[in-house]
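Coordinates in review
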Amino acid sequence: MTDLDLLDGLLSAAKRAGADAADALFLRSDSLSVQRRLGTTEQVERSESRDIGLRVFLGRRQAIVSTTDTSGAGFSALAERAVAMARAVPEDPFAGLPDGPPATPPAFPDPGRDEPSTDALLARAAAAEDAALAVPGVTNSEGASAGWGLTKVALATTTGFAGRYARASHSVSVTALAGQGTGMERDYDYHAATTLAALEDAATLGRRAGEQAVRRLHPRRPDTARLPVIYAPRVASSLLMHLAQAANGAAVARGTSFLARSRGERVFAPGIAIRDDPMRPGGLRSRPFDLEGIAAAPLDLVADGVLAGFVLDSRSARQLGLASTGHAARGVSSPPSPATTNLWLAAGAQSPDEMIRAVGEGIYVTELIGMGVNMVTGDYSRGAAGFAIRGGELAEPVSEITIAGRLQDMFARLVPANDLVFRRGVDAPTVLVEGLTIAGRARD
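This text gives an overview of the structure that appears in the document. Remember, it's a predicted structure, so these values are computed and weren't measured experimentally.

Structural notes on the packing of aromatic side chains
- Tallied over the full model, the rule gives 6 aromatic pairs.
- Between phenylalanine 161 and phenylalanine 289, the aromatic rings sit 5.1 Å apart at their centres with planes inclined by 70°, giving edge-to-face as the arrangement. Taken together, the positions of phenylalanine 161 in the loop between strand S4 (138-157) and strand S5 (162-178) and phenylalanine 289 in the loop between strand S8 (274-276) and strand S9 (299-303) put the pair 128 residues apart, joining distant regions of the chain.
- Residue class for phenylalanine 161 comes out buried when judged on its relative accessible area of 3%.
- Taking the relative accessible area as the measure of exposure, phenylalanine 289 reaches 0% and is therefore buried.
- Taking 5.2 Å as the distance between ring centres and 85° as the angle between the ring planes, the aromatic pair formed by tryptophan 344 and phenylalanine 422 counts as edge-to-face. Here tryptophan 344 is found in strand S13 (residues 343-345), whereas its partner phenylalanine 422 is found in the loop between strand S17 (414-416) and strand S18 (426-427), with 78 residues between them in sequence.
- A relative accessible area of 35% means that phenylalanine 422 is categorised as partly exposed.
- In textbook terms, an aromatic cluster arises when at least three aromatic residues are bridged by ring pairs, as seen for Phe108, Phe161, Tyr165 and Phe289.
- Over the aromatic face of tyrosine 188 sits the side chain of arginine 234, whose NZ or CZ is 4.2 Å from the ring centroid.

What follows is the structure, given as structure tokens:
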């Protein structure tokens, strides 16, 4: 029996129990990971999970139940419990399956089962850590890890949708420490890819982590000032995450987003483009349909600096009088909610070096700490570390600083560089934001 056959049986049980409509979700996850530190294997972990969720509707009342029993023997009792729960909850005027006929999802590549051996993962972790430890000035390691995972998803609804897909991941990470005693500094690097061939060489990654840790030795705390800030790509993506939170349909519908009234308005400078594409080849979060059964399609979240729309599932779309963008995410025991997939900021014209030279004096940020961001007002305040920019070049490392501003102003002044590389589910090039407050050492 296939996973879709299993879900079809569960939906039939829901209809027999009295449900007006229902959807059923099957999630299978297999993973293998290792952790190594200073030449010693600290952890080898393998996990396998099989979960099924059933969501039933009685009019506008809904209830969700889940189980790990995939035999089908208990489906009737599970469906009856779900329907009984739905009778006991209040109506939700926006609840329901997607409007319109079921979608035909686009073709999606099968990742196969390219599962590495434990020895192969340990060798990858060893290559990363050994390369980091070989960098002059690196004195210790917090360890290296390597992993593999395979996720399979199947979804069926009583409206006639039935679809399935699988997605794989391969990863490696390492954290190096440099210096001695209280003067130690740390840095890390990480990469994940959907195929082993696309995964970065572990030794190259480890060497970079070690070099980054050494460069951070002997940091200073700069004077408090108002300066341009350049975000390195690995932290520039956090600005996109804040945008995604603010443009999330659920937050907009609740009135808890500073962008709630900004749809169709200029939020970024002309020329800025931010796109979410659930079908991007090689994307870590690619999928052919969302978890309500709506076919995947690219979303231009920001086009030429204008906020073109919000990230919506069916419920938030109904609340706002709009159409779903096909961005419903969920687990087997939770209702759908909007979420981005492969989100990125399009590259600009300048190289990072040209951007640094043009700035003259400022801060180049490589690490952010804390989450002092108010999504209702847009107020932004985060701890940071990185390097001073002086005379158009990177200078001494800096730490113990706070960057403050308002996201509305930061978005309006944001300038991307030309070094976009897809490494995560949210990707950005190097980014310049002018006129941020840097809280550091008080001037004499």
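Observations regarding the sheet that holds S4
- If you walk across this open sheet you meet the 6 strands as S3-S2-S1-S4-S5-S6, and the pairing is antiparallel. In this open sheet, the two strands that pair with only one neighbour each are strand S3 (61-67) and strand S6 (185-193). Taking each pair of neighbouring strands and ignoring which way they run, the sheet shows an average axis angle of 20°.
- Across the sheet, helix H1 (residues 3-16) touches strand S1 (21-37), strand S2 (40-58), S4 and S5, and the angle it forms with S1 is around 140°.
- Each of S2 and S3 touches helix H2 (residues 75-88); the most contacted strand, S3, lies at about 150° to it.

Focus: empty space enclosed by the protein
- All chains considered together, the criterion is met by 1 cavity of 30 Å³ or more.
- Empty space within the largest cavity amounts to approximately 30 Å³.
- Lining the largest cavity are Glu185, Arg216, Pro219, Gly386, Pro397, Val398 and Ser399.
- Examining the composition of the lining of the largest cavity, we find that 3 residues originate from one element, strand S16 (residues 393-406), more than from any other.
- Classifying every residue of the lining of the largest cavity gives 3 nonpolar, 2 polar and 2 charged.

A word on the sheet that holds S18
- The strand order S10-S9-S8-S13-S18 describes an open sheet built from 5 strands, whose pairing is mixed. Each end of this open sheet is capped by a strand with a single partner; those strands are strand S10 (306-307) and S18.
- Relative to S10, S9 is paired through 2 bridges, and the arrangement is antiparallel. Note that in S10 the partner of valine 302 across the bridge is leucine 307.

Examining the environment of alanine 127
- Within the secondary structure, alanine 127 is located in helix H3 (residues 118-133).
- In this structure alanine 127 comes out as partly exposed when scored by relative accessible area, which is 30%.
- Leave out the neighbours within four places in its chain, and alanine 127 touches Ala202 and Ala203.

Side note on the nonpolar core
- Counting residues in hydrophobic clusters, the biggest one holds 60 residues, and the most contacted among them are Tyr231, Phe268, Ile274, Tyr380 and Ile403.
- It is helix H5 (residues 233-246) that provides the largest number of residues to this core, a total of 7 residues.
- Ignoring sequence-local partners within four residues, the contact set of isoleucine 274 consists of Leu240, Leu243, Phe268, Leu299, Asp300, Leu301, Val302, Leu343, Trp344 and Leu345.

Some remarks on helix H8 (residues 352-359)
- Listing the buried residues of H8 in full gives Met355, Ile356 and Val359. Angular distribution of buried residues about the axis of H8 spans 100°; they occupy a single face of the element. Those residues of H8 that are exposed and aimed more than 90 degrees away from the buried face are Asp353, Arg357 and Ala358.
- The secondary structure elements touched by the buried residues of H8 are strand S7 (225-231), strand S14 (362-373), strand S15 (379-390), S16, S17 and strand S19 (431-439).
- Once H8 finishes, glycine 360 follows within two positions and takes phi at roughly 80°, a positive value.

Conventions adopted
- Just so you know, the residues in each chain are numbered from 1, in the order the chain's sequence is written.
- The predicted origin of the model limits local features to residues at a pLDDT of at least 70 and limits the giving and counting of side-chain atom pairs to 80 or more, whereas totals for whole chains, interfaces and linings rest on all residues.
- Only hydrogens and water are removed before side-chain values are computed, so all heavy atoms of the structure are retained for them.
- A pair of Phe, Tyr and Trp rings is counted when the ring centres sit within 6.5 Å of each other, with Trp represented by its six-membered ring. The angle between the planes then sorts it: under 30 degrees is stacked, over 60 is edge-to-face, the rest tilted.
- Here a strand is any run of E in DSSP of at least two residues, a helix any run of H or I of at least four, and the numbering for each starts at the N terminus.
- Each residue gets one of three labels from its accessible area relative to the maximum for its type: buried under 20%, exposed over 50%, partly exposed in between, using a 1.4 Å probe on protein chains only.
- Put simply, a charge is over a ring when the Lys NZ or the Arg CZ is close to the ring centre, within 6 Å, and near the line of the ring normal, within 35 degrees.
- When DSSP finds at least two bridges between two strands, those strands are taken to pair.
- Fitted lines through C-alpha atoms serve as axes, helices being fitted only where they are in contact, and the angles separating the N-to-C directions of these axes extend from 0 to 180 degrees.
- Any pair of residues with heavy atoms lying within 4.5 Å of one another is described as a contacting pair.
- Throughout, the protein atoms alone are placed on a 1 Å grid, and a set of points is a cavity if a 1.4 Å probe fits but cannot get out or a pocket if it is open with protein on both sides within 12 Å along at least five of seven lines; lining residues have an atom within 4 Å of a point.
- Grid points are joined across faces, edges and corners, and a volume is the space filled by probe spheres set on the points.
- Residue type decides the class: Asp, Glu, Lys and Arg count as charged, Ala, Val, Leu, Ile, Met, Phe, Trp, Tyr, Cys and Pro as nonpolar, and the leftover types, Gly among them, as polar.
- In this text, buried Ala, Val, Leu, Ile, Met, Phe, Trp, Tyr and Cys residues form a nonpolar core when linked through side-chain atoms within 4.5 Å.
- Working note: the arc is built from the helix axis to C-beta atom directions.

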